[in-house]
Amino acid sequence: MLLTILGGCGAWPGAGQACSGYLVEHDGFRLLVDPGYATVPRLLERITADQVDAVFISHGHPDHCADLNPLLRARTLRDDPPAPLPVYSLPGALDAVLALDRPGMLTDAYVLHEFTAGGSLDIGPFHARTRLLPHSVPNAGIRLTAGERVLAYTGDTCPSPDVVDLARGADLLLAEATYADRVPEDSRRHLSSARQVGRQAKEAGARHLLLTHLQPGTDATAAQAAAEAEYDGETGIATSGLTIDLS
Ligand SMILES: [Zn+2]
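Below you will find a few notes about this structure. This structure is a prediction, so every number in the text was calculated from the model and none was measured.

This part takes up empty space enclosed by the protein. One pass over the full model with this rule turns up three cavities of 30 Å³ or more. As a volume, the largest cavity reaches approximately 60 Å³. Taken together, Thr 154, Thr 157, Cys 158, Pro 159, Val 163, Leu 173, Ala 175, Glu 176, Ser 192, Val 197 and Gln 200 make up the full set of residues lining the largest cavity. Looking at the lining of the largest cavity, the elements that each hand over two or more residues are strand E11 (172–176) and helix H6 (194–204). Per-element accounting of the lining of the largest cavity gives the leading share, three residues, to E11. Residue composition of the lining of the largest cavity, by class: six nonpolar, four polar and one charged. For the second largest cavity, the calculated volume is near 40 Å³. The wall of the second largest cavity is formed by Tyr 22, Val 24, Val 33, Ile 142, Leu 144, Leu 151, Tyr 153 and Leu 174. Residues belonging to the lining of the second largest cavity are distributed by class as follows: eight nonpolar, no polar and no charged.

The following block contains the structure:
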């Protein structure tokens, strides 16, 4: 399983950066997870729009799904459009982004598979287990298994036993860490710090930890140090262009 980070900014894209966007590849299948703001230009530096085989979206905040629109445009506004793109999301999560263009313009570009969090999905060679994790809108964390490797991804969430469950023994936990050490009072039930994420990675026994969704202004060095204070495994920061081979 190969993970490529397209972007790792939380909330909005910093200068020259992109928001959440992760390309996960196995056996030639390309799954795009969370096409957030500005991720499509990074994606198109690596593959063409028609080479994406499926999209999984954790929740409907635009920093996780806004670039679904340019991806669908790139696939459909051409003479030889590819087959409709399978898109997996929670019910209603994509209503806003799918309504950006005039009605019907993108209808043939995708097939929407709305799922209920808590169940399992098979997406190409990936087996996916999902959990509803606490955020300000419904958010599905995911545990992706392929070729005996496991990648767990939180979307956006405050700490939860369900994060630990999804990440149990995972080869890599890709975890939202909007803040380094202290989560502002009004976000404590929605978002996490790197320190909290380090604790959860330790509890889960995850082999590696990658911090993502750092809000612009969050000090990456401080975030990594906060996570490492709680967690002994290898810890990194998700930055555009980073590729990790989990095999
Ligand atoms: Zn969010």
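Resuming the write-up.
This part is about the sheet that holds strand E10 (residues 149–153). Sheet architecture is open: seven strands sit in the order E7-E8-E9-E10-E11-E12-E13, paired in mixed fashion. Whereas interior strands pair on both sides, the edge strands pair on one side only; in this sheet they are strand E7 (120–123) and strand E13 (234–237). For this sheet the average axis-to-axis angle between neighbouring strands, irrespective of direction, equals 20 degrees. One ladder, built from five bridges, connects strand E9 (residues 139–146) with E10; its direction is antiparallel. Across the sheet, the residue bridging to Leu 144 is Leu 151, located in E10. Strands in contact with H6 are E11 and strand E12 (208–212); relative to E12, the strand with the most contacts, it is inclined by about 155 degrees. Set on the sheet, helix H7 (residues 220–228) makes contact with E12 and E13; between it and E13 the angle comes to about 155 degrees.

It is worth spelling out the pattern of salt bridges at this point. Counted by the stated rule, this structure contains 14 salt bridges. The residue Arg 78 makes a salt bridge to Asp 80 at a minimum N-O spacing of 3.2 Å.

Below, the discussion takes up the layout of surface pockets. Of the volumes computed, that of the largest pocket is approximately 160 Å³. What lines the largest pocket is a set of 14 residues, and nearest its centre among them are Gly 8, Cys 9, Leu 214, Ile 237 and Ala 238. Its residues assigned to classes, the lining of the largest pocket shows six nonpolar, eight polar and no charged.

For the zinc ion, every protein donor is listed as His 59 (NE2), His 61 (ND1), His 135 (NE2) and Asp 156 (OD), and the spread of their distances is 2.2 to 2.3 Å. The site at the zinc ion holds four donor atoms, and with the angles between them running 90 to 167 degrees, its shape is irregular. Here the donor residues of the zinc ion are spaced in sequence according to H-x1-H-x73-H-x20-D. You can see His 135 sitting in the loop between strand E8 (126–133) and E9 and its partner Asp 156 sitting in the loop between E10 and helix H5 (161–167), a full 21 residues away along the chain. The exposure class assigned to His 135 is buried, which follows from its relative accessible area of 14%. Relative accessible area serves as the criterion here: at 2%, Asp 156 is assigned to the buried category.

About the thresholds
- Residues numbered from 1 in each chain as written.
- Predicted model: local features only at pLDDT ≥ 70, side-chain atom pairs only at ≥ 80, totals over all residues.
- Heavy atoms only, no water.
- 1 Å grid on protein atoms, 1.4 Å probe; cavity = no way out; pocket = protein on both sides within 12 Å on 5 of 7 lines; lining within 4 Å.
- Points joined across faces, edges and corners; volume = space filled by probe spheres on them.
- Helix = DSSP H or I, 4+ residues; strand = E, 2+ residues; numbered from the N terminus.
- Nonpolar A, V, L, I, M, F, W, Y, C, P; charged D, E, K, R; others polar.
- Pairing = 2+ DSSP bridges.
- Axes fitted to C-alpha atoms, helices over the stretch in contact; angles between N-to-C directions.
- Contact = heavy atoms within 4.5 Å.
- Salt bridge = Lys/Arg side-chain N within 4 Å of Asp/Glu carboxyl O.
- Donors = N, O, S within 2.8 Å, 3.2 Å for Na, K, Ca; no water.
- Tetrahedral: all angles 85-135°; square planar, octahedral: opposite > 155°, others 65-115°.
- Buried < 20%, exposed > 50% of the residue type's maximum accessible area, 1.4 Å probe, protein only.

Taken by themselves, the reported measurements are silent on function.
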